[in-house]
Amino acid sequence: MKIGTVARLLDVPVPTLRRWTQEFAALLSPAARSRDGAVREFTHEDVMLLRKAHDLLRQDKSFAAVRRELGVPDPNDPPDVASSPQSNGPANDEEREVATRFVRAILEEELTPLYARLDLLEQYIKELQQRSADTTTRSRWPFHIDR
């Protein structure tokens, strides 16, 4: 998903979302991070993480508190061996990986048509706006509401 779509889903301005991608970059996919002017592409996991961050920020928590709660390592803290997650063994890790792949496949199958529809709708709106701007007589955009 592109940044504009994610911003609308989360109901935040695009610049706010850009800031969040910097604040929580350690947990986002590489495609969602800022990089040399490339278009950011957000995965479903990225959107879910940003939604959780948004909910925590609404509770008047600081970025540092939200990062701690989401598990973003602070580069200033020394590694703490006692608090590092313990593996439940290879069998549980394998089961978790299989379950994760299964759920992601289902989500991808269900969400792909919706993402495609969103892209088509965005394209249609841009075409309508362009047609409206191209007309010599000032016609109204079809979705204009008279006041």
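Residues numbered from 1 in each chain as written. Predicted model: local features only at pLDDT ≥ 70, side-chain atom pairs only at ≥ 80, totals over all residues. Heavy atoms only, no water.

1. A few points about the side chain of Thr21
Counted only if it meets this: Think of it this way: any DSSP run of H or I at least four residues long counts as a helix, any run of E at least two long counts as a strand, and we number them from the N terminus. We call a residue buried when its accessible area falls under 20% of the maximum for its residue type, exposed when it is over 50%, and partly exposed in between, using a 1.4 Å probe and counting protein chains only. Contacts are assigned to residue pairs that have any heavy atoms within 4.5 Å of one another.
Tracing the backbone shows Thr21 in helix H2 (residues 14-23). Since its relative accessible area comes to 1%, Thr21 is described here as buried. Residue contacts for Thr21: discarding those within four places in its chain leaves Leu28, Ala32, Arg40 and Phe42.

2. Here we look at the packing of helix H1 (residues 3-10) against helix H3 (residues 44-58)
Going by this rule: Each axis is a line fitted through C-alpha atoms, taken for helices only over the stretch in contact, and angles between the N-to-C directions span 0 to 180 degrees. For this classification, under 35 degrees means roughly parallel, over 145 means roughly antiparallel, 65 to 115 means roughly perpendicular, and everything else is oblique. Whether a crossing is left-handed or right-handed is set by the direction in which the near helix is turned from the far one by less than a right angle, anticlockwise for left-handed and clockwise for right-handed. When residues are grouped by polarity, Ala, Val, Leu, Ile, Met, Phe, Trp, Tyr, Cys and Pro land in nonpolar, Asp, Glu, Lys and Arg in charged, and all others, Gly among them, in polar.
In contact at an axis separation of 11 Å, H1 and H3 are set at 40° when each is read in the N-to-C sense. Of the possible angle classes, the one that applies to H1 and H3 is oblique. In this structure, H1 crosses over H3, and the sense of that crossing is right-handed. Residue-level inspection shows Val6, Leu9 and Leu10 of H1 in contact with H3, the latter providing Val47, Leu50, Arg51 and His54. Taken together, the residues of the contact of H1 with H3 sort by class into five nonpolar, one polar and one charged.

3. Some details on the side chain of Glu23
Looking at the secondary structure, you find Glu23 in helix H2. The buried category is assigned to Glu23, whose relative accessible area is 18%. Those residues in contact with Glu23 that sit more than four places away from it in its chain are Phe63 and Arg67.

4. Structural notes on H2
Let me state the cut-off plainly: The directions considered for the arc run from the helix axis to the C-beta atoms.
Along H2, the residues classified as buried are Leu17, Trp20, Thr21 and Glu23. Seen from one end, H2 has its buried residues packed into an arc of 160°, which puts them on one side. Turned more than 90 degrees from where H2 packs its buried face, Pro15 and Gln22 sit exposed. Looking at the buried side of H2, the elements it contacts are H1, H3 and helix H4 (63-70).

5. Details of the confidence of the model for the protein
For the record, the criterion: The predictor attaches a confidence to each residue, and that confidence, scored 0 to 100, is pLDDT.
Scored by pLDDT, the protein has a mean of 79; 78% of the residues are at 70 or more. Within the protein, helix H5 (residues 90-134) has the poorest average pLDDT of any element, 83, and H3 the best, 91. Under a pLDDT of 50 for its full length, residues 80-84 has, in the predicted model, zero contacts with residues more than four places off or in other chains.

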